[in-house]
Amino acid sequence: MKAVQENAQSLATMHGGLILARHPKPVVEAGVCYGRMDLACDASEVADAVARLMPYASVALVYASPARRCRDLALRLDPAARIDERLQELDFGAWEGVRWDAIAQSDFDAWANGLPETAPPGGETLAAMAARLSAWLADVSGIASEAGRRPTPPVETGTCAAPAILAITHAGPIRVLRALIEGLPLLTHFSQPVPYGAAIEMAKSKL
């Protein structure tokens with residue numbers, strides 16, 4: 001795991017920075033465990049997210065998880081969006097589609113207490129997710145550096161210059177990506193909420 005974080009921290013600086021955005025709120029019963037479930041989003045939720053993220057997408061390379069809730073938004077932002085399986089949410093295995101309160105407490109505790117090295121039954125560890133996300137960061141760092149050598153029209157995006165990379169992904173990957181880039185333990189950001197359809201700007205000095 002140390003090697004994974006060192007790899008993420010040593011990435012070349014991305015021209016304009018990296019923007020992470022969670023998909024819009026999906027249509028699913030509250031309290032259900034979903035990671036790889038392919039869920040749709042309400043059209044109004046997608047439209048709101050498009051309005052918020054288009055200023056970034058208009059000058060960025062857009063990447064997305066293949067999950068419908070990410071892919072539909074990304075293709076609205078950019079028909080040429082790059083779909084990358086490494087941006088998928090954690091695979092919860094046998095717990096997919098099950099209510100969290102229906103999972104045996106002993107099974108949940110065994111998973112939670114062993115993180116980031118434990119996995120749900122038949123699922124994926126956070127360490128494995130971190131490894132694939134680190135590989136994605138390494139790939140897009142090179143692409144962004146190349147993009148930075150080409151003229152890019154200016155755009156106003158609040159406190160951050162126009163991003164080179166906009167990733168439409170999930171809460172889990174966003175939390176792990178932040179920890180990797182900041183050189184912090186993988187569980188650092190898991191107590192913090194990740195809003196739906198909103199941009200999270202990573203400081204260029206961290207990349």
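Scroll up for the structure.
What you see is a predicted model, and the numbers here were worked out from it, not measured in a lab.

**Comments concerning the overall build of the chain**
Step number 1: Scanning the chain from terminus to terminus reveals six helices and five strands.
Step number 2: Starting at the N terminus, the α and β elements of the chain follow one another as α-β-α-β-α-β-α-α-β-α-β.
Step number 3: Relative to its 207 residues, the chain shows a buried fraction of 48%.
Step number 4: Considering only contacts within the chain whose residues lie at least 6 apart along the sequence, 75% involve residues at least 24 apart.
Step number 5: By element, 54% of the accessible surface of the chain is carried by carbon and sulfur atoms, the whole surface being about 9400 Å².

**Topic: the packing of aromatic side chains**
Step number 1: Inspection of the entire model under this criterion finds eight aromatic pairs.
Step number 2: Aromatic pair Trp-95 and Trp-111: ring centres 5.6 Å apart, planes at 90°, arrangement edge-to-face. Here the residue Trp-95 occupies a position in the loop between strand E3 (82-83) and helix H4 (105-114), and Trp-111 occupies one in helix H4, the gap between them amounting to 16 residues.
Step number 3: Measuring from centroid to centroid gives 5.6 Å for Phe-108 and Trp-111, while their planes differ by 65°, and the two rings are edge-to-face. Of this pair, Phe-108 and Trp-111 both sit in helix H4, three residues apart, which is roughly one turn of the helix.
Step number 4: Members of the aromatic cluster, connected to one another through ring pairs, are Phe-92, Trp-95, Trp-100, Phe-108 and Trp-111.

**Description of the pairing of strand E2 (residues 61-64)**
Step number 1: Both faces of E2 are covered, namely the face carrying Leu-61 and Tyr-63 and the face carrying Val-62 and Ala-64.
Step number 2: Bridge count for E2 against strand E4 (residues 165-169) is four bridges, and the pairing is parallel. Along E4, the bridge assignment pairs Ala-64 with Ile-168.
Step number 3: Sheet topology places E2 next to E3; two bridges connect them, and they run parallel. Looking at E3, one finds that Tyr-63 is bridged to Arg-82.
Step number 4: Considered for its hand, the β-α-β crossover made up of E2, helix H3 (residues 68-77) and E3 is right-handed.

**Remarks on the pattern of salt bridges**
Step number 1: Tallied over the full model, the rule gives seven salt bridges.
Step number 2: One salt bridge connects Asp-72 with Arg-68, and the closest N-O pair in it is separated by 3.3 Å. With Asp-72 and Arg-68 both in helix H3 and four residues apart, the pair spans about one turn of that helix.
Step number 3: Looking at Arg-68, the relative accessible area reads 38%, which means it is partly exposed.
Step number 4: A salt bridge links Arg-132 to Glu-124, with the nearest nitrogen and oxygen atoms 2.9 Å apart. Note on accessibility: Arg-132 and Glu-124 belong to one class, buried.
Step number 5: Each of Glu-29, Arg-99 and Asp-101 takes part in salt bridges that share partners, so that together they form one network.

The rules behind these values
Residues numbered from 1 in each chain as written. Predicted model: local features only at pLDDT ≥ 70, side-chain atom pairs only at ≥ 80, totals over all residues. Heavy atoms only, no water. Helix = DSSP H or I, 4+ residues; strand = E, 2+ residues; numbered from the N terminus. Buried < 20%, exposed > 50% of the residue type's maximum accessible area, 1.4 Å probe, protein only. Contact = heavy atoms within 4.5 Å. Areas by Shrake-Rupley, 256 points an atom, 1.4 Å probe, with all protein chains shown as cover. Phe/Tyr/Trp six-rings, centres within 6.5 Å; stacked < 30°, edge-to-face > 60°. Pairing = 2+ DSSP bridges. Right-handed = clockwise from strand over helix to strand, strands pointing away. Salt bridge = Lys/Arg side-chain N within 4 Å of Asp/Glu carboxyl O.

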